[in-house]
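# Breakdown of the fold
If you want the building blocks of each chain, they are given just below.
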Amino acid sequence: MASITEKQYDSVPAKKVAFIGLGVMGYPMAGHLARAGHDVTVYNRTASKSAEWVSEFGGNSAPTPAKAAEGADIVFCCVGNDNDLRSVTTAADGAFHGMQQNAVFVDHTTASADVARELAAAAREGKFSFIDAPVSGGQAGAVGGVLTVMCGGEPEVFEKIKPVAGHFARAVTLLGEHGAGQLAKMVNQICIAGLVQGLSEAIAFGLRANLDMNAVLDVISKGAAQSWQMENRGKTMVQGKFDFGFAVDWMRKDLGLVLDEAKRNGALLPVTAVVDQFYAEVQQNGGQRWDTSSLITRLTPRK
């Protein structure tokens, strides 16, 4: 079974690209680049995953990030956190040691704004460019090639990468200078945290009131309460199913970035701080790998 959804790709001149990190997001994102006609070289810490990707999509694998980056016009990356990102960029054998002049490194990791600015400065020294470009849409968005990409960097560099990134996205938008992409992703996660908690409370309330919550969700999703979370997770929350991608562990990592940034800029995030602690409870109850809609398990008995 194919790991990506078939889609129509805009016609873009073929590029030599690399993709570093073949997790649940990177594997299909790189797949769309290959299907769109680009010459793709992949690197993954677990080499067997690279071999699996090459067997499905063609292209090449490299033994190190530096080797993957050699000769590439654009190097895409999607790893776990700031430390993972440094390990595949500026550390020994990192991609920054293999980047050619005038190439672009595009980082899709959800990381701190600080590390985005740090890597942008390192890229300038190496005479290549950097774009921070975290994504929203989860595993389903990556498989379908319909992610939302939030970018920070120079406009002229962004224009180089936008059509190529468009192969796995439905929206690729420049939001400001380096770090702006990461800050926008933090805004996204603040919104999601509050929405999922509100939806959890609503469903738990309705169940205790003996309402047919599937029917209720059908009705209210046509009105002002509608949200992506309601449309895509409401009924599975009623069913007690929480295996739909983006894990609680990753959400807590992201909310940690949000709360750290809020300490620096003085933003007041009372709801986000409380929901972060609710996710900590879900982790303690064994839900580290459940998806983020599992907030409802704090309010209702598990089925």
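In this text the structure is predicted, and so the values were computed from the model without any measurement.

## Notes on unusual backbone geometry
- In this structure, Asp-93 is a non-glycine residue whose phi angle is positive, near 65°.
- For Asp-93, the location among the structural elements is in the loop between helix 4 (82–89) and strand 5 (104–107).
- One non-glycine residue, Lys-127, adopts positive backbone phi at about 65°.
- Turning to its location among the elements, Lys-127 is positioned in the loop between helix 5 (113–125) and strand 6 (129–132).
- The exposure class of Lys-127 is exposed, given its relative accessible area of 52%.

## As for the environment of Gly-71
- Examined against the element boundaries, Gly-71 turns out to sit in the loop between helix 3 (65–69) and strand 4 (74–77).
- Taking relative accessible area as the criterion, Gly-71 reaches 33% and is therefore assigned partly exposed.
- Separated by 32 residues in the primary sequence, Gly-71 and Ala-103 place their C-alpha atoms 8.5 Å from one another.
- Setting aside anything within four residues of it in sequence, one finds Gly-71 in contact with Lys-16, Gly-98 and Gln-100.

## Considerations on the domain arrangement of the protein
- Entries for the protein in the domain assignment read domain 1 (16–177) and domain 2 (184–298).
- Between domain 1 and domain 2, the C-alpha centre-to-centre distance is 28 Å.
- In this assembly, 13 residues from domain 1 lie in contact with 11 residues from domain 2.
- For the pair domain 1 and domain 2, the two sides together bury roughly 940 Å², of which 61% comes from carbon and sulfur.
- When the buried surface of domain 1 facing domain 2 is broken down by residue, Gly-80, Thr-110 and Met-150 rank first, second and third, together holding 37% of it.

## Focus: the pattern of salt bridges
- In total, this model carries 10 salt bridges according to the counting rule given.
- In this structure, Asp-276 and Arg-252 form a salt bridge, with 3.1 Å as the shortest nitrogen-oxygen distance. With Asp-276 in helix 12 (residues 270–284) and Arg-252 in helix 11 (residues 248–265), this pair connects stretches of sequence that are 24 residues apart.
- By relative accessible area, Asp-276 is classed as buried at 6%.
- In this structure, Arg-264 and Glu-261 form a salt bridge, with 3.0 Å as the shortest nitrogen-oxygen distance.

Reading the values: the criteria
Residues numbered from 1 in each chain as written. Predicted model: local features only at pLDDT ≥ 70, side-chain atom pairs only at ≥ 80, totals over all residues. Heavy atoms only, no water. Helix = DSSP H or I, 4+ residues; strand = E, 2+ residues; numbered from the N terminus. Buried < 20%, exposed > 50% of the residue type's maximum accessible area, 1.4 Å probe, protein only. Contact = heavy atoms within 4.5 Å. Domains from an automatic or database assignment. Buried area = accessible area lost by both parts, 1.4 Å probe. Salt bridge = Lys/Arg side-chain N within 4 Å of Asp/Glu carboxyl O.

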